[in-house]
Amino acid sequence: MSMIHAKGHALDRWRKNLNISPNGEKAVGAKGRDSLTVLTSLLVAGAEESFDFVYVDGGHSPADVLSDAVLAFPLLRVGGVLVFDDYATGTTPCGAAIANFVNSYAGALQFVFTSYQLFLVKTARWPKRV
């Protein structure tokens, strides 16, 4: 479990939830200037395929969402769950960026559930190259 680049109320809520979780000691927090810096540093440190769950809810520009998704993907184990917040059926700028990511990585993702959030399972290490 991981919390990356959380501040203020979100960080306090995350810590509180860990205290009541039976597996709270397994959580890893990573703090940095922004998600690009943190995700890149995790990849450079060799953390590929070391996460079972990745929740993407950061910057709300299409470029931020797309870079978070592309950098988070290799951190997730095959069989792990990738969740995007602010999906809203692909109609928002965030949703459009998420749809672009999903289309690009279609061979390595399986749809699980969608509402305002999108839940996917990573099914392959990398999408098939064409």
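The model shown is predicted, which means the values in this text are computed figures rather than measured ones. (Residues numbered from 1 in each chain as written. Predicted model: local features only at pLDDT ≥ 70, side-chain atom pairs only at ≥ 80, totals over all residues. Heavy atoms only, no water.)

Concerning the nonpolar core
Part 1 of the reasoning: Counting 26 residues, the largest nonpolar core has V54, L82, F84 and F101 as its most contacted members.
Part 2 of the reasoning: Those elements that provide at least two residues to this core are α2 (35-44), β3 (51-56), α3 (62-72), β4 (76-84), α4 (93-104) and β6 (118-122).
Part 3 of the reasoning: With residues near it in sequence (within four places) discarded, F101 still touches L66, A69, V70, F73, L82, F84 and L109. (Core = buried A, V, L, I, M, F, W, Y, C linked by side-chain atoms within 4.5 Å. Buried < 20%, exposed > 50% of the residue type's maximum accessible area, 1.4 Å probe, protein only. Helix = DSSP H or I, 4+ residues; strand = E, 2+ residues; numbered from the N terminus. Contact = heavy atoms within 4.5 Å.)

With respect to α4
Part 1 of the reasoning: In this model, α4 (twelve residues) spans 17 Å end to end at C-alpha, consistent with the 16 Å of a helix rising 1.5 Å per residue.
Part 2 of the reasoning: Among the residues of α4, those classed as buried are C94, G95, A97, I98 and F101. Taken down its axis, α4 places every buried residue within 160 degrees of arc, on the same side. Facing away from the buried surface of α4 by more than 90 degrees, the exposed residues are P93, N103 and S104. (Expected span 1.5 Å × (residues − 1). Arc of directions from axis to C-beta.)

Focus: the confidence of the model for the protein
Atomic detail in the predicted coordinates should be set aside for any region of low pLDDT.
Part 1 of the reasoning: With 86% of its residues at a pLDDT of 70 or more, the protein has an overall mean of 83.
Part 2 of the reasoning: The element-level mean pLDDT for the protein is lowest in strand β1 (residues 2-4), coming to 54, with β6 highest at 94. (pLDDT = per-residue confidence, 0-100.)

What about the pairing of strand β5 (residues 109-114)?
Part 1 of the reasoning: Pairing between β5 and β6: five bridges, direction antiparallel. Directly across from T114, in β6, lies its bridge partner L118.
Part 2 of the reasoning: With antiparallel pairing between neighbouring strands as the criterion, β5 and β6 make up a hairpin whose turn holds three residues. (Pairing = 2+ DSSP bridges.)

Points about the packing of α3 against α4
Part 1 of the reasoning: Where α3 contacts α4, the two axes come as close as 8 Å, and the packing angle between them is 35 degrees. Note that α3 runs across α4; the crossing there is right-handed. Packed against α3, whose contacting residues are P62, V65, L66, A69 and V70, the element α4 presents P93, C94, A97, I98 and F101 at the interface.
Part 2 of the reasoning: Of the residues contributing to the contact of α3 with α4, the split by class is ten nonpolar, no polar and no charged. (Axes fitted to C-alpha atoms, helices over the stretch in contact; angles between N-to-C directions. Left-handed = near helix turned anticlockwise from the far one by under 90°. Nonpolar A, V, L, I, M, F, W, Y, C, P; charged D, E, K, R; others polar.)

Some words on the pairing of β3
Part 1 of the reasoning: Bridge analysis of β3 against β4 gives five bridges, and the strand direction is parallel. Across the sheet, residue V54 finds its bridge partner in β4, namely L82.
Part 2 of the reasoning: Since β3 and β4 lie parallel, the crossover through α3 that links them has a hand, and here it is right-handed. (Right-handed = clockwise from strand over helix to strand, strands pointing away.)

Some remarks on the packing of α2 against α3
Part 1 of the reasoning: Their axes nearest at 10 Å, the elements α2 and α3 cross at an angle of 15 degrees. Compared by their axis directions, α2 and α3 come out roughly parallel. Relative to α3, α2 is oriented so that their crossing is left-handed. Only D68, L71 and A72 of α3 make contact with α2, whose side of the interface consists of S35, L36, L39, T40 and L43.
Part 2 of the reasoning: Each residue belonging to the contact of α2 with α3 can be placed in one class, and the counts come to five nonpolar, two polar and one charged. (Parallel < 35°, antiparallel > 145°, perpendicular 65-115°, else oblique.)

Thoughts on the sheet that holds β5
Pairing between the strands of a sheet comes from backbone hydrogen bonds, and it takes one of two forms, parallel or antiparallel.
Part 1 of the reasoning: Strand order in the open sheet formed by four strands is β3-β4-β6-β5, and the pairing between neighbours is mixed. Taken across any chain shown, the strands that pair with only one partner, and hence form the sheet edges, are β3 and β5. Averaged over all adjacent pairs, the angle separating strand axes in this sheet is 20 degrees, with direction ignored.

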